[in-house]
Structure formats: structure tokens, C-alpha cells
Amino acid sequence: MRHMLTILTAAVLATMAAPAASAQDVFDGGRIAGASSQIVPEGLPVPGGELPEHPAPVDLERYAGTWYQVAAVPQPFTLQCAYDTKADYAVVDATTISVRNSCGTLVGPGSAIEGAATVRGDASLRVNFPGVPFQDPNGPVNYRVTYLADDYSLAIVGDPYRASGFVLSRTPGLTPEQWKLARSTVESRGWWPCAFLTVPMTGGRGDVVPLCVL
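Parameters and conventions
- Residues numbered from 1 in each chain as written.
- Predicted model: local features only at pLDDT ≥ 70, side-chain atom pairs only at ≥ 80, totals over all residues.
- Heavy atoms only, no water.
- UniProt positions renumbered as here; feature names shortened; annotations may be inferred.
- Helix = DSSP H or I, 4+ residues; strand = E, 2+ residues; numbered from the N terminus.
- Polar contact = N/O pair within 3.5 Å; in protein donor to acceptor, adjacent residues only side chain to side chain.
- Phe/Tyr/Trp six-rings, centres within 6.5 Å; stacked < 30°, edge-to-face > 60°.
- Buried < 20%, exposed > 50% of the residue type's maximum accessible area, 1.4 Å probe, protein only.
- Lys NZ or Arg CZ within 6 Å of the ring centre and 35° of its normal.
- Pairing = 2+ DSSP bridges.
- Patch = residues over 30% accessible without salt bridge, like charges linked within 9 Å, V, L, I, M, F, W, Y side chains within 5 Å.
- Areas by Shrake-Rupley, 256 points an atom, 1.4 Å probe, with all protein chains shown as cover.
- Salt bridge = Lys/Arg side-chain N within 4 Å of Asp/Glu carboxyl O.
- pLDDT = per-residue confidence, 0-100.
- Contact = heavy atoms within 4.5 Å.
- Expected span 1.5 Å × (residues − 1).
- Arc of directions from axis to C-beta.

- Looking at an unreviewed UniProt entry, one finds the chain named Lipocalin family protein, with Corynebacterium qintianiae as its source organism.
- UniProt, in the comment section headed Sequence similarities (unreviewed entry), describes the chain in these words: "Belongs to the calycin superfamily. Lipocalin family."

Written as C-alpha cells, this is what we have:
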């Protein structure tokens, strides 16, 4: 029953928030799976400091591939995404990776959007999507890897101001130990874990619950 209520609520929100689907509009692509809001404020004080980078440089070749967004801080432009949100990355060159974000919706076909990310540091990038307004390709970092498992099986990313946050996994399902690790890491990096909601995944969790209860 709880799952059905969640699905119905998501459907209502999606109907109210998402316009009719087009090839690639402002809302297309759903949750920026492994990216972040395109509008990142600059120059604002950040209590506790900016989101820290992962201490070791990210190997783009190892980071490339498919990541499942198993939990995230919901973004207002992603309300139509209901399940199976994921990101596919591919190395373009030493400083650029291609980005394809996709998700399943409850109204109409699945949603997808393609863009690119440029390296801005050992674990920081700038993600841009063609056709999305308010973007500046030369703007500030909006994607920072703050945690990365040694085997590149789990990652936690967000923008430096923590307005966005994503738990990414190479598999759609996490073990209880991985969920505990995700929650403790999110807390240690300065987020409120209850702001993260799980994303229904085929082969993973089928519900939407706050990370703080796991």
C-alpha cells in the first residue's frame, strides 16, 4: 500500500510539474543522475566549508560506464523521474567526459538528456547540457565526487554548496552495509541524510524512503 501511494503521489507531481515531452527540453533527462543543479551560487558563505573532494584523484577511465542513482536530494526540475534513474559516462579526452542521464517516468516514455563534463580538479567537474537555460560552460564546479570506493563500486557526489546530492552505485541494489556506509558518509560530508530519498530501481529497492531511516 505504501508503495502504491508513493507511485500515485509521484504521478500527480509529475503531471503538475512536467510539460508535454519533447525531444530535449528543460525538464528532459529527469534527475541529473550524477550531476547537479545547473544554477550553482558563487561567493556565498558555506557553513562548515564547501563539500570536500575525494582525497585521491578520480581516474576517468575507471569512473566511466553506468552508474545507478540509488538515492538523491530531489531537484525541482526532476519530478517526472519515478524509477531507474542512471547516468552513463564515457571518456572523450583527458579533460572531458560525455554524460547521458536517463530515467523511467509514469507519464509518457522514458526521459533522457545528453551533455558533457569538463574536469576542474582532482575530483571536481563542470557539467553542462545543451539547450538548458541559465548555463555558463565556464561557470563554477557543479559536480564534486566527495566519496569513491576503492573499487569504484559506490560514489557520493554533489555540488560544492550541497544543494544537490547523489548516491551512485554500479549495481541497482545496495547491501545493508552499503546503505549504512552511504548514510554515514552523507552525514560526515555535511548533508542532512533525511534530505536524500531512495530511488526505485529494477533489481534494487522498490520504495521511496529517506536515507536517514536505513
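**Some words on the side chain of Asn128**
Phase 1 of the analysis: Note on placement: Asn128 falls in strand β5 (residues 124-128).
Phase 2 of the analysis: At 3.3 Å, the side chain of Asn128 and the side chain of Arg126 are in polar contact.

**A word on the packing of aromatic side chains**
One pair of aromatic rings is described through two measures. These are the centre distance and the angle between the planes.
Phase 1 of the analysis: Enumeration over the complete set of coordinates arrives at four aromatic pairs.
Phase 2 of the analysis: With centroids separated by 5.1 Å and ring planes inclined at 40°, the aromatic side chains of Tyr63 and Trp67 adopt a geometry described as tilted. This pair shows no difference in class: Tyr63 is buried, exactly as Trp67 is.
Phase 3 of the analysis: Relative to Phe196, the ring of Trp191 lies with its centre 5.3 Å away and its plane at 90°, an arrangement referred to as edge-to-face. The burial state of Trp191 is the same as that of Phe196; both residues are buried.
Phase 4 of the analysis: Among the aromatic residues, those joined into a cluster by ring pairs are Tyr63, Trp67, Tyr89 and Tyr143.
Phase 5 of the analysis: Positioned above the aromatic ring of Trp67 is the side chain of Arg170, whose terminal nitrogen or guanidinium carbon lies 3.9 Å from the ring centre.

**What to know about the pairing of strand β1 (residues 65-72)**
Phase 1 of the analysis: The sheet contact formed by β1 and strand β2 (residues 81-93) spans four bridges and is antiparallel. Counterpart to Thr66 in the pairing with β2 is Asp88.
Phase 2 of the analysis: For β1 and strand β8 (residues 165-169), the ladder comprises four bridges, and the chain directions are antiparallel. The residue of β8 that forms the bridge with Tyr68 is Ser169.
Phase 3 of the analysis: Sheet topology note: the β1/strand β9 (residues 197-198) ladder contains two bridges and is antiparallel. In the sheet register, Ala72 faces β9, and the bridge partner there is Leu197.

**Remarks on a nonpolar patch on the surface**
Phase 1 of the analysis: Judged by side-chain polarity, Tyr83, Leu106 and Val107 come together as a nonpolar surface patch covering roughly 220 Å² of accessible area.
Phase 2 of the analysis: In this fold, Leu106 is placed in the loop between β3 (96-105) and β4 (111-119).

**A word on the environment of Glu114**
Phase 1 of the analysis: If you trace the backbone, Glu114 turns up in strand β4.
Phase 2 of the analysis: For Glu114, a relative accessible area of 48% gives the class partly exposed.
Phase 3 of the analysis: In this structure the C-alpha to C-alpha distance between Glu114 and Pro130, which are 16 residues apart in sequence, comes to 7.7 Å.
Phase 4 of the analysis: A polar atom in the side chain of Glu114 sits 3.5 Å from the side chain of Arg100.

**Describing the confidence of the model for the chain**
Phase 1 of the analysis: With 77% of its residues at a pLDDT of 70 or more, the chain shows a mean pLDDT of 82.
Phase 2 of the analysis: Below pLDDT 50 for its whole length, residues 1-40 participates in 104 contacts with residues either more than four positions away or in separate chains.

**Quick word on helix α3 (residues 176-188)**
Phase 1 of the analysis: For α3, spanning 13 residues, the distance from its first C-alpha to its last is 18 Å, which sits close to the expected 18 Å at 1.5 Å a residue.
Phase 2 of the analysis: Listed in full, the buried residues belonging to α3 are Trp179, Ala182, Thr185 and Val186. The arc that holds the buried residues of α3, viewed along the axis, is 130°, so those residues lie on one side. Exposed side chains of α3 directed beyond 90 degrees from the buried face belong to Pro176, Glu177, Lys180 and Ser188.
Phase 3 of the analysis: In the segment just after α3, Gly190 is the residue with positive phi, at about 95°.

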